Amino acid sequence: VGQKPSAVLKEIARDDGAICWVARGVIHFRSMAKLAATSAALTYEANNPKSENLLMTRWQVINNDHEYLKQHQFRFMGYDMQGGVIESGSKDYPIKWVAAQDQQVLSNMSKCMLPRFIMEAEGNGALTPGLSIKCLVHSYNTDSGLDESVPTLMVVTRVAHYEDRYTYTSKAQLSTVYTGS
């Protein structure tokens with residue numbers, strides 16, 4: 001009551017351990033547990049001119065895990081009328097009291113999508129939030145193989161498709177599922 005619709009949707013998704021987005025007037029929810037178990041629908045590669053997969057034109061590894069997780073790492077506590085105080089999360093984290101009466105809801109509050117990678121590629125309308133992608137970033141020298149700082153399997157959490165004067169481009173933020181541990 002009195003909240004913006006986007007805030008209500010975000011709260012529903014958090015309580016259910018899901019991600020939520022609105023695209024072209026349709027509200028989508030996807031379970032983070034199911035996204036983590038999904039196999040890759042597309043494969044993108046970088047620094048491999050002989051690749052037969054889709055190619056990334058630009059990319060950036062996001063290395064701010066600690067700063068991002070500060071907003072999500074709490075020891076969530078609630079009160080159940082029959083069972084009393086319930087909790088979820090590491091005892092090392094600060095306590096945050098929430099209006100939750102269910103253990104599953106408290107456990108879901110620790111889950112989030114951790115941004116790990118931003119990529120640009122030739123326009124691809126198949127890139128949508130919730131899509132699992134395999135990313136292979138090759139090192140610049142031929143002896144090193146793949147860049148191990150980039151997770152291989154990630155989920156698209158944000159995507160923008162745009163067209164400039166000459167090209168159609170897709171820019172996507174890719175994330176991994178953080179389960180709170």
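Data block above holds the structure.
Residues numbered from 1 in each chain as written. Predicted model: local features only at pLDDT ≥ 70, side-chain atom pairs only at ≥ 80, totals over all residues. Heavy atoms only, no water.

Asks: Sorry, what's going on with the packing of aromatic side chains here?
Replies: The relation between two aromatic rings is expressed through the spacing of the ring centres and the mutual angle of the planes. Per the counting criterion, the structure on display carries 1 aromatic pair. In this structure, Lys-96 is placed above the aromatic ring of Phe-74, and the distance from its NZ or CZ to the ring centre is 4.7 Å. (Phe/Tyr/Trp six-rings, centres within 6.5 Å; stacked < 30°, edge-to-face > 60°. Lys NZ or Arg CZ within 6 Å of the ring centre and 35° of its normal.)

Asks: Sorry if this is basic, but what is going on with the sheet that holds strand S8 (residues 112–122) here?
Replies: Working definition: the strands of a sheet are paired by backbone hydrogen bonds and lie parallel or antiparallel to each other. Taking strand neighbours around the barrel as the criterion, the 6 strands line up as S3-S4-S8-S11-S10-S9 in a closed arrangement whose pairing is mixed. Each neighbouring strand pair of the sheet contributes to a mean axis angle of 45°, computed without reference to strand direction. (Pairing = 2+ DSSP bridges. Helix = DSSP H or I, 4+ residues; strand = E, 2+ residues; numbered from the N terminus. Axes fitted to C-alpha atoms, helices over the stretch in contact; angles between N-to-C directions.)

Asks: Teacher, can you tell me more about the environment of Thr-179 here?
Replies: Inspection of the secondary structure assignment puts Thr-179 in the segment after strand S11 (168–178). Ignoring anything within four residues of it in the chain, the contact list for Thr-179 reads Ser-110 and Lys-111. (Contact = heavy atoms within 4.5 Å.)

Asks: I keep staring at the pattern of salt bridges and nothing clicks. Help me out?
Replies: Pairing between side chains becomes possible if they bear opposite charge and their charged atoms approach one another. According to the stated counting rule, one finds 6 salt bridges in the structure shown. For Arg-58, the salt bridge is made with Glu-120, and the minimal N-O distance between the two is 3.9 Å. One end of the pair, Arg-58, is in strand S4 (residues 54–61); the other, Glu-120, is in strand S8, with 62 residues separating them in the sequence. By sharing partners, the salt bridges in this structure join Arg-75, Glu-87 and Lys-91 into a single network. (Salt bridge = Lys/Arg side-chain N within 4 Å of Asp/Glu carboxyl O.)

Asks: What's the story with the side chain of Ser-175 in this structure? I'm lost.
Replies: For Ser-175, the position within the fold is in strand S11. A residue is classified by how much of its surface remains accessible, and Ser-175, at 1% relative accessible area, is buried. At 3.0 Å, the side chain of Ser-175 forms a polar contact with the side chain of Thr-157. Residues contacting Ser-175, with those up to four places away along its chain left out, are Met-113, Leu-114, Pro-115, Arg-116, Met-154, Val-155 and Thr-157. (Buried < 20%, exposed > 50% of the residue type's maximum accessible area, 1.4 Å probe, protein only. Polar contact = N/O pair within 3.5 Å; in protein donor to acceptor, adjacent residues only side chain to side chain.)

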